[in-house]
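Observations on the model geometry
So the chains spell out like this:
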Amino acid sequence: MTERAADGGARYAGARVHRVEDDRLLTGRGTFVDDVSLPGMLHACFVRSPIARAAIQRIDTSAALALPGVRFVFTAADLNPGVREQWHTTIGKEMPETPRPPLAEGEVRFVGDPVALVVAESRYLAEDAAELVEVDYEPLPAVVDYTEAEHAKALVHESHGSNVIAQLTTVPASAFDEVFASAAHVASETIYQQAYAPVPIEGRGLVVDYSSVTGDLTIHASTQTPHEVRLFCSRLLGMPEERVRVVTRDTGGGFGQKVMVQRDEMCLMLAGPVVGAPLKWVEDRRENLLAAGKSRQEHAAVKMAFDADGAIQAAYIDFVQDCGAYPTPWPLFPAAAVGTFFPGPYRVPRGGFAVKTLYTNTVGRAPYRGPWQFESLAREVLLDIAARQMHVDPAELRRRNLLRRDELPYKNPNGMNYDNISPLETFEQALAMLDYAKFRAEQAEARSAGRYLGVGLANYVEASTPGYGVYGTEPATIRIAPTGRITVYVAGGSSGNSIETTVVQLTADALGAKIEDVDTVQGDTAVTGFGAGTAGSRSGSMTAGAVRETAAVLRERILAIAAHELGVAIEDIELADSRASVRAKPAVGVSFKDLAALADAPAGLEASARYTANSPSIWVNATHVCTCEVDVATGRVQLLRYIVSEDCGPMINPNVVEGQIAGGTVQGIGGVLFEHLAYDDDGNPVATTFMDYLLPTAAEVPAIEFGHIETPSPGPGGYKGVGEGGAIGAPPAVVNAVADALSPFGVKITRLPLGPSQIVALLDR
Amino acid sequence: MKPAPFEYHAPNTVADAANLLAELGDGAKVLSGGQSLVPMLALRLAVFEHLVDIGRIAELSGIERRNGALWIGAGTTQATVEASALVASEVPLLAVATPLIGHFQIRSRGTLGGSIAHADPAAEYPAVALALDATMEVVSPRGRRTIEARDFFAGLWSTSMEPDELLVGVSFPIWGGRSGFAVEEFARRHGDFAIAGAAIGIELDAVDRIRRCTLGLIGLGSTPERARTVEAELAGRPVTDVEPDEVGRLVMAALPSVPSDLHGSAAYRKRVGAAMVARAWTTAAAEARHG
Ligand SMILES: Cc1cc2nc3c(=O)[nH]c(=O)nc-3n(C[C@H](O)[C@H](O)[C@H](O)COP(=O)(O)OP(=O)(O)OC[C@H]3O[C@@H](n4cnc5c(N)ncnc54)[C@H](O)[C@@H]3O)c2cc1C
């Protein structure tokens with residue numbers, strides 16, 4: 001399914017090209033870490049703490065080591081001294097860090113904390129042996145509830161001296177006292193979001209393959225950032241980076257959880273070179289829910305002042321976040337982003353924020369798609385509450401405050417300079433797709449029949465494609481082999497987000513090649529240059545830049561060789577269908593295959609280049625609208641329609657864009673209605689299997705309807721990032737829909753999750 | 001998530017299976033469809049030295065009329081029950097309950113006997129067996145005996161079978177006359193175990209008086225439950241005089257103790273349970289009256 005462009009060459013960008021990875025993935029030929037099997041490979045299993053906080057008195061590994069087939073049992077004393085340096089390339093060496101011991105040293109700090117690493121001839125044996133490792137724990141008082149952490153006597157990390165990791169206040173709330181005191185309307189609430197997590201289908205995992213003969217270390221990793229894994233590992237072990245190679249073929253989802261190297265992976269990197277054989281660890285579901293990291297779990301006191309017409313006068317957020325025992329990375333900046341983005345795509349003349357991050361004896365915080373999505377949740381839920389207080393329709397209140405194109409660029413009070421966005425356009429498009437007025441009529445009719453329908457709206461603006469530091473650079477190599485096959489090499493980190501397809505489309509277009517002639521190699525650090533992988537909604541838009549730069553170089557060479565060969569001027573050559581031909585006489589030409597064979601050396605038709613971002617970030621905006629019916633007897637929420645209108649600029653591939661939006665939206669729906677990484681009062685996790693950690697399935701989610709507005713960005717191709725928005729927009733849209741459905745009962749929703757029992761409790765209040 | 005080591009046995013006859021179980025003693029466990037047992041083994045919540053797989057025993061599967069009841073072999077898969085015309089006509093309550101068990105992938109391996117022997121209070125089949133006064137047929141080297149449903153479900157995931165006894169079949173009484181049946185349950189998601197549910201049968205006489213009714217309850221106790229006192233109160237009353245909501249309230253009031261967990265408190269379960277009883281009652285009563 002491709003369109004023919006006017007110049008006769010196929011145009012793939014913008015078309016619903018089938019994903020090139022699908023044949024492989026849908027026929028079971030993907031290569032995930034667990035599919036990697038090397039001769040003599042050993043298997044690792046962690047012994048994990050069953051207690052939220054305890055002193056480790058003694059570890060006896062003798063019974064485990066006595067089990068036939070067990071090779072090693074490592075404890076902190078064995079592995080931790082091997083750490084040379086540990087910092088992430090994307091964060092930098094100078095940034096503050098939270099502690100990150102590979103194995104627990106002296107004290108365990110959450111249920112799931114890795115205490116020992118067993119290495120055996122099979123995972124079965126390793127699990128048998130893990131049960132035989134005797135650890136004497138002396139329980140210590142644990143900090144479980146983050147809202148009490150700041151003043152708790154117990155400290156999660158004694159050495160830090162406080163359970164407050166870091167805090168930041170731009171302007172104190174009191175600076176706006178006058179505005180709020182004189183405002184016609186003020187809405188002020190404390191809004192809570194529970195812990196939930198990315199739960200990729202494939203857990204984390206590594207095969208670490210060290211050759212004592214060559215001194216080379218090869219790591220097969222389930223990661224979004226193969227090059228980060230390589231550099232992190234080389235620093236961790238003090239190995240020259242050229243000795244370390246990371247190979248990532250297929251990664252079964254990451255959603256942020258596989259962006260950073262965490263303690264478990266560090267253990268494997270440290271143990272790998274010692275065990276004398278390749279070493280595999282594949283995280284199972286229970287470990288993933290126990291130890292791979294939680295997200296969300298936060299609250300904020302938020303307030304907005306409005307004038308008599310409903311125009312926002314000021315917005316303030318005082319935000320508090322639970323970061324667990326071992327957050328990765330240092331949490332202040334992601335937390336501060338909740339503050340900076342809180343004003344959203346609205347005209348907000350005054351505002352400020354305060355943020356605080358806290359340690360608790362629970363699993364550490366890890367990045368998750370839209371790491372600061374709380375800003376949108378808090379703002380959009382507050383706007384609905386404000387609208388109800390003011391007796392204004394929530395759509396009308398938003399319409400009055402949404403930024404218009406003619407106001408751009410617009411600097412929000414927290415320093416964010418928005419441009420190239422279309423908040424009012426996505427909003428109106430989404431409302432039109434629903435037929436908002438018609439829904440309101442249906443709602444009124446249903447209510448009179450004792451049925452409760454609701455509609456929820458949410459707008460957001462998101463910073464994608466960070467352009468600073470190592471995020472702002474992305475390389476590509478493109479090679480035309482003498483066979484005519486074209487291969488595009490990019491850093492990789494595709495974890496379902498289809499960079500394989502989009503770079504193939506873009507390369508074909510940029511060179512004038514047939515898409516079926518183009519292959520891609522990604523995720524192998526031996527043959528690709530450094531790129532920061534899939535994070536920050538950057539991979540599509542940054543690799544687009546890399547392909548553009550590289551293809552431009554290669555195109556010039558093709559044109560020069562072809563002009564020489566065909567005896568015409570360079571300007572007279574056009575490239576299409578993997579062929580260079582004379583513009584006036586299309587029959588006269590030479591194929592890329594023949595051109596590649598003509599080039600002096602086989603490498604003659606190869607180019608490498610690097611794209612450097614030209615802006616600190618690329619703004620994306622969207623509107624989510626959903627409708628639901630609530631069964632007031634049981635508290636069940638049935639979503640009826642779900643509409644997303646998104647402006648991600650021109651789309652490289654609408655299938656990919658819509659897949660990204662749908663996936664994130666379902667995660668956001670899950671976060672409101674189903675998912676809860678809950679702990680009991682003693683710090684024991686209570687959702688450690690999919691029996692209790694409930695993910696939404698196809699049966700719980702309506703078909704998602706997509707609308708698109710195209711405002712080009714200043715970046716390559718005008719493209720923007722679209723990876724995270726679904727998970728940002730969905731939670732407030734769903735909350736607002738439920739609140740709207742229950743408005744006849746005077747229900748106000750300020751606390752998640754919204755399981756059926758919580759909804760019934762709200763109704764009974 | 002790998003099970004501890006076990007030895008695997010796959011007998012071909014009931015007699016061999018019973019002998020193996022007796023011989024291997026407490027360290028042995030029957031493996032049927034594995035849909036409940038295997039996850040527990042994988043999580044090491046249960047550890048057994050021997051698994052006796054009964055999947056190859058032909059005499060354990062089948063659906064047939066025996067002595068005025070419908071006999072279903074313990075090894076019959078839930079999918080087979082779901083597709084059976086005989087079940088649909090003779091034991092409609094079982095037929096309407098089956099699609100509510102998990103997902104079709106689970107039903108194509110999970111067995112009727114496995115579900116009943118597993119005795120999960122939130123499972124459909126135990127509640128249906130209790131509601132219909134089914135009879136369990138068990139075999140050990142000591143011989144064959146039957147256990148009435150009311151004596152079978154002993155507690156959370158436990159039954160009155162001896163460890164060496166094999167459940168071979170379950171006989172479900174066939175209701176005649178003007179009867180109607182319904183199962184209503186509330187689960188967090190499609191295919192989840194119910195938070196609360198009701199399996200109800202109603203038989204009416206010619207003038208719409210309740211000749212008998214049965215009120216089986218799902219997920220509302222440590223075993224499947226039955227509201228016998230309420231059934232007795234309702235018997236003889238004209239069905240048109242009975243308010244479904246009232247039945248819901250009466251049933252919940254009669255319950256001994258209701259569980260609480262992450263997905264709902266006891267009070268929440270009772271509220272949902274009352275709604276499910278009322279909805280199932282409404283459907284069953286309409287079916288009994290109008291066919
Ligand atoms: C995701 C998922 C969702 C599910 N949802 C539901 C649901 O909604 N409702 C529901 O009812 N069930 C549900 N189940 C459970 C499913 O129905 C199981 O199949 C059933 O409970 C057990 O049957 P089985 O044949 O798989 O037995 P197994 O798992 O093999 O055995 C279960 C237990 O019964 C014993 N046993 C089995 N057969 C016999 C026998 N003949 N004699 C003596 N002991 C025996 C075993 O020793 C074991 O203790 C679900 C399962 C899964 C994995």
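Residues numbered from 1 in each chain as written. Chains lettered and ligands numbered in written order. Predicted model: local features only at pLDDT ≥ 70, side-chain atom pairs only at ≥ 80, totals over all residues. Heavy atoms only, no water.

**Regarding the UniProt feature "domain: Aldehyde oxidase/xanthine dehydrogenase a/b hammerhead" (unreviewed entry) in chain A**
- Listed under "domain: Aldehyde oxidase/xanthine dehydrogenase a/b hammerhead" (unreviewed entry) in the UniProt record, and renumbered for this structure, are residues 27-141 of chain A.
- In the segment residues 27-141 of chain A, helix accounts for 17% and strand for 30%; the C-alpha atoms at its two ends are 51 Å apart. (UniProt positions renumbered as here; feature names shortened; annotations may be inferred. Helix = DSSP H or I, 4+ residues; strand = E, 2+ residues; numbered from the N terminus.)

**Details of the pattern of salt bridges**
- A full pass over the atoms with the stated rule returns 75 salt bridges over all chains.
- Between E127(A) and R44(B) there is a salt bridge, with its nearest N and O atoms 3.9 Å apart. Note that E127(A) is positioned in helix 4 (residues 123-132) and R44(B) in the loop between helix 2 (37-42) and strand 3 (50-53), a pairing that runs across two chains.
- In this structure R44(B) comes out as buried when scored by relative accessible area, which is 14%.
- The residue K294(A) makes a salt bridge to D322(A) at a minimum N-O spacing of 3.1 Å. (Salt bridge = Lys/Arg side-chain N within 4 Å of Asp/Glu carboxyl O. Buried < 20%, exposed > 50% of the residue type's maximum accessible area, 1.4 Å probe, protein only.)

**Overview of unusual backbone geometry**
- The omega torsion across L408(A) and P409(A) is -5°, close enough to zero to call that bond cis.
- Position of P409(A) among the secondary structure elements: in the loop between helix 11 (394-401) and strand 18 (410-411).
- Put simply, L752(A) and P753(A) share a cis peptide bond, and its omega is 0°.
- Structurally, P753(A) can be placed in the loop between helix 18 (725-741) and helix 19 (756-764).
- A positive phi angle, close to 60°, is found at Q297(A), a residue other than glycine.
- Along the chain, Q297(A) turns up in strand 15 (residues 295-306).
- Under the relative-accessibility criterion, Q297(A) is labelled buried at 18%.
- A positive phi is found at R44(B), a non-glycine position, where the angle reads about 55°.

**Concerning the sheet that holds strand 8 (residues 134-139) of chain A**
Residues and elements named next belong to chain A.
- Strand order in the open sheet formed by 3 strands is 6-4-8, and the pairing between neighbours is antiparallel. The sheet is open, and its two edges are formed by strand 6 (107-108) and strand 8, each paired on a single side.
- Sheet analysis places strand 4 (residues 54-60) next to strand 8, joined by 6 bridges and oriented antiparallel. Bridging across to strand 8, I56 finds its partner in Y137. (Pairing = 2+ DSSP bridges.)

**Some remarks on the packing of aromatic side chains**
All names here are of chain A.
- Following the criterion strictly, the structure yields 14 aromatic pairs over all chains and no others.
- Measuring from ring centre to ring centre gives 5.4 Å for F319 and F374, while their planes differ by 35°; the resulting arrangement is tilted. In this pair, F319 is assigned in strand 16 (residues 312-322) and F374 in helix 10 (residues 374-390), connecting sequence segments 55 residues apart.
- On the basis of relative accessible area, F319 is assigned to the buried category, the value being 0%.
- With centroids separated by 5.9 Å and ring planes inclined at 80°, the aromatic side chains of F341 and W619 adopt a geometry described as edge-to-face. With F341 in helix 9 (residues 332-341) and W619 in strand 28 (residues 618-631), this pair connects stretches of sequence that are 278 residues apart.
- The class of W619 is buried, set by a relative accessible area of 8%.
- In textbook terms, an aromatic cluster arises when at least three aromatic residues are bridged by ring pairs, as seen for F341, W372, Y418 and W619.
- Taking the ring centre of Y326 as reference, the NZ or CZ of R263 above it sits at 3.9 Å. (Phe/Tyr/Trp six-rings, centres within 6.5 Å; stacked < 30°, edge-to-face > 60°. Lys NZ or Arg CZ within 6 Å of the ring centre and 35° of its normal.)

**Things to note about the domain arrangement of chain B**
Residue and element names in this part refer to chain B.
- When the domains of chain B are assigned, the result is domain 1 (7-53), domain 2 (58-173) and domain 3 (178-290).
- Computed from C-alpha atoms alone, the centre-to-centre distance between domain 2 and domain 3 is 21 Å.
- Across the contact, 24 residues belong to domain 2 and 22 residues belong to domain 3.
- Surface buried jointly by domain 2 and domain 3 totals about 1900 Å² across both partners, of which 67% is contributed by carbon and sulfur atoms.
- Broken down residue by residue, the surface that domain 2 buries against domain 3 is led by L93, P121 and L130, which jointly contribute 25%.
- For R226, the salt bridge identified is with D133, shortest N-O distance 2.8 Å.
- Scanning the region where domain 2 abuts domain 3 turns up 6 residue pairs in polar contact (both at pLDDT 80 or more). (Domains from an automatic or database assignment. Contact = heavy atoms within 4.5 Å. Buried area = accessible area lost by both parts, 1.4 Å probe. Polar contact = N/O pair within 3.5 Å; in protein donor to acceptor, adjacent residues only side chain to side chain.)

**Quick word on the site of the ligand**
Residue and element names in this part refer to chain B.
- Close to the ligand lie 30 residues, the nearest being V30, G34, L37, T111 and E124.
- For the ligand, an oxygen atom lies 2.8 Å from a polar atom in the backbone of S36.
- Contact between the ligand and S115: an oxygen atom at 3.4 Å from a main-chain N or O atom of the residue.
- Notes on the ligand: free accessible area 960 Å², of which the protein chains cover 91%. (Near = heavy atom within 4 Å. Areas by Shrake-Rupley, 256 points an atom, 1.4 Å probe, with all protein chains shown as cover.)

**Quick look at the interface of chain A and chain B**
- Listed per partner, the contact involves 33 residues of chain A and 23 residues of chain B.
- Between chain A and chain B, the buried area comes to about 2400 Å², and carbon and sulfur atoms account for 56% of it.
- On the chain A side of the interface with chain B, the three residues burying the most area are Y124(A), T634(A) and L694(A), jointly 19% of the side's total.
- Taken together, the links from chain A to chain B amount to 5 salt bridges.
- E131(A) is paired through a salt bridge with R44(B); the nearest N and O atoms lie 3.2 Å apart.
- Summed over the shared surface of chain A and chain B, the number is 15 residue pairs in polar contact (both at pLDDT 80 or more).
- A total of 5 residues in the side of chain A that touches chain B trace back to one element, the largest contributor, which is helix 4 of chain A.
- Taken together, the residues of the side of chain A that touches chain B sort by class into 15 nonpolar, 6 polar and 12 charged. (Nonpolar A, V, L, I, M, F, W, Y, C, P; charged D, E, K, R; others polar.)

**Details of the UniProt feature "domain: FAD-binding PCMH-type" (unreviewed entry) in chain B**
- The UniProt record marks residues 1-177 of chain B with the feature "domain: FAD-binding PCMH-type" (unreviewed entry), using the residue numbering of this structure.
- The span residues 1-177 of chain B is 33% helix and 25% strand, and its two end C-alpha atoms sit 51 Å from each other.

**Re the environment of A458(A)**
Residue and element names in this part refer to chain A.
- Note that A458 resides in strand 20 (residues 452-464).
- Once the C-alpha coordinates of A458 and F232 are considered, the two residues, 226 residues apart in sequence, prove to be 39 Å apart.
- Excluding its chain neighbours within four sequence positions, the residues that come into contact with A458 are E380, A622, T623, H624, G729, P732 and A733.

**Concerning the domain arrangement of chain A**
Residue and element names in this part refer to chain A.
- Parsing chain A into structural domains produces domain 1 (3-28 + 468-612), domain 2 (41-140 + 204-251 + 258-291) and domain 3 (298-465 + 616-764).
- Among the residues of domain 1 in contact with domain 2, R24, T525 and F530 are the three that bury the most area, contributing 31% of the side total.
- At the junction of domain 1 and domain 2, the tally comes to 2 salt bridges.
- Among the salt bridges present, the one from R24 reaches D250, with a minimum N-O distance of 2.5 Å.
- Joining domain 1 to domain 2, the criterion identifies 7 residue pairs in polar contact (both at pLDDT 80 or more).

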